[in-house]
Amino acid sequence: MINVGLIGCTAAERDKLGSYVSGEDFRVEVMGCNGPLRVYQSEGKVESESSSDGYFFIDKATGELTEVSGTVVITKCTGCPVPEQIKIGG
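Chains are numbered independently. Their residues run from 1 in the order of the written sequence. Where totals are concerned, whole chains, interfaces and linings use all residues; where local detail is concerned, this predicted model gives features only for residues with pLDDT of at least 70, and gives and counts side-chain atom pairs only at 80 or more. Hydrogens are left out, water is left out, and the side-chain values use all remaining heavy atoms of the structure.

Observations regarding the sheet that holds strand S2 (residues 35–41)
The three strands lie next to each other as S2-S1-S5, forming an open sheet whose pairing is antiparallel. Each edge of the sheet is formed by a strand with only one pairing partner; in this case those strands are S2 and strand S5 (72–76). Across the sheet, the axes of successive neighbouring strands diverge by a mean angle of 20°, strand direction being ignored. At least two DSSP bridges between two strands are needed for those strands to be called paired. Think of it this way: any DSSP run of H or I at least four residues long counts as a helix, any run of E at least two long counts as a strand, and we number them from the N terminus. Alignment of strand S1 (residues 26–32) against S5, held across five bridges, turns out to be antiparallel. Bridge assignment links Val30 to a residue of S5, and that residue is Val72. Convention adopted: a line fitted to C-alpha atoms gives each axis, helices being fitted over their contacting stretch, and angles between N-to-C directions are expressed from 0 to 180 degrees.

Here's what the structure looks like:
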């Protein structure tokens, strides 16, 4: 049944769907006017509810459930630095 729903999807939509349900980590950047205001690394998937404009995930640095909204950039981690190494603003 899932395959039927994916037939009309573009490659990017299929990748996005697969990414959000996989066990891989993601970099989550909350953006401001001059770049990232806050950068997180998820521990596993990043999820969104249909009734919300935000995302939620387990923050790898703290182990806590974290919710973000606004302008958010989510990138699949391939060699992401550990959260302590992420520097904001330069």
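A short note on the pattern of salt bridges
Salt bridges, as used here, are contacts in which a Lys or Arg side-chain nitrogen is within 4 Å of a carboxyl oxygen on Asp or Glu. Scanning the entire structure with this criterion turns up one salt bridge. Where Lys60 meets Asp25, a salt bridge forms, and the shortest distance between an N and an O atom there is 2.5 Å. Here Asp25 lies in the loop between helix H2 (11–21) and S1 and Lys60 lies in the loop between strand S3 (55–58) and strand S4 (65–68), a separation of 35 residues in the sequence. On the basis of relative accessible area, Lys60 is assigned to the partly exposed category, the value being 36%. Look at Asp25 and you get buried, because its relative accessible area is 18%. The cut-offs for exposure are 20% and 50% of the maximum accessible area for each residue type, with area from a 1.4 Å probe on protein chains only; residues under the lower value are buried, those over the upper are exposed, and the others partly exposed.

Brief notes about the side chain of Asp59
Tracing the backbone through its elements, the reader meets Asp59 in the loop between S3 and S4. Only four residue types enter the charge count: Lys and Arg as positive, Asp and Glu as negative, with His and the chain ends excluded. The side chain of Asp59 sits in the buried core without any salt bridge; Arg38 is the nearest counter-charge, 4.8 Å away. Separated by 3.3 Å, the side chain of Asp59 and the backbone nitrogen of Ala61 make a polar contact. Between two residues, a contact is recorded if the distance between any of their heavy atoms is within 4.5 Å. Contact partners of Asp59, with chain neighbours within four places excluded, come to Tyr40, Gln41, Glu64 and Thr66. Under this definition, polar contacts are N or O atom pairs within 3.5 Å; protein pairs additionally need one hydrogen-donor-capable and one acceptor-capable atom, and for neighbouring residues in sequence, both atoms have to be side-chain atoms.

What about the nonpolar core?
By size, the foremost hydrophobic cluster in this structure holds eight residues: Phe26, Val28, Val30, Tyr40, Val46, Phe57, Val68 and Val72. Sorting elements by how many residues they give to this core places S1 first, with three residues. Here, nonpolar core refers to any group of buried Ala, Val, Leu, Ile, Met, Phe, Trp, Tyr and Cys residues whose side-chain atoms link them within 4.5 Å.

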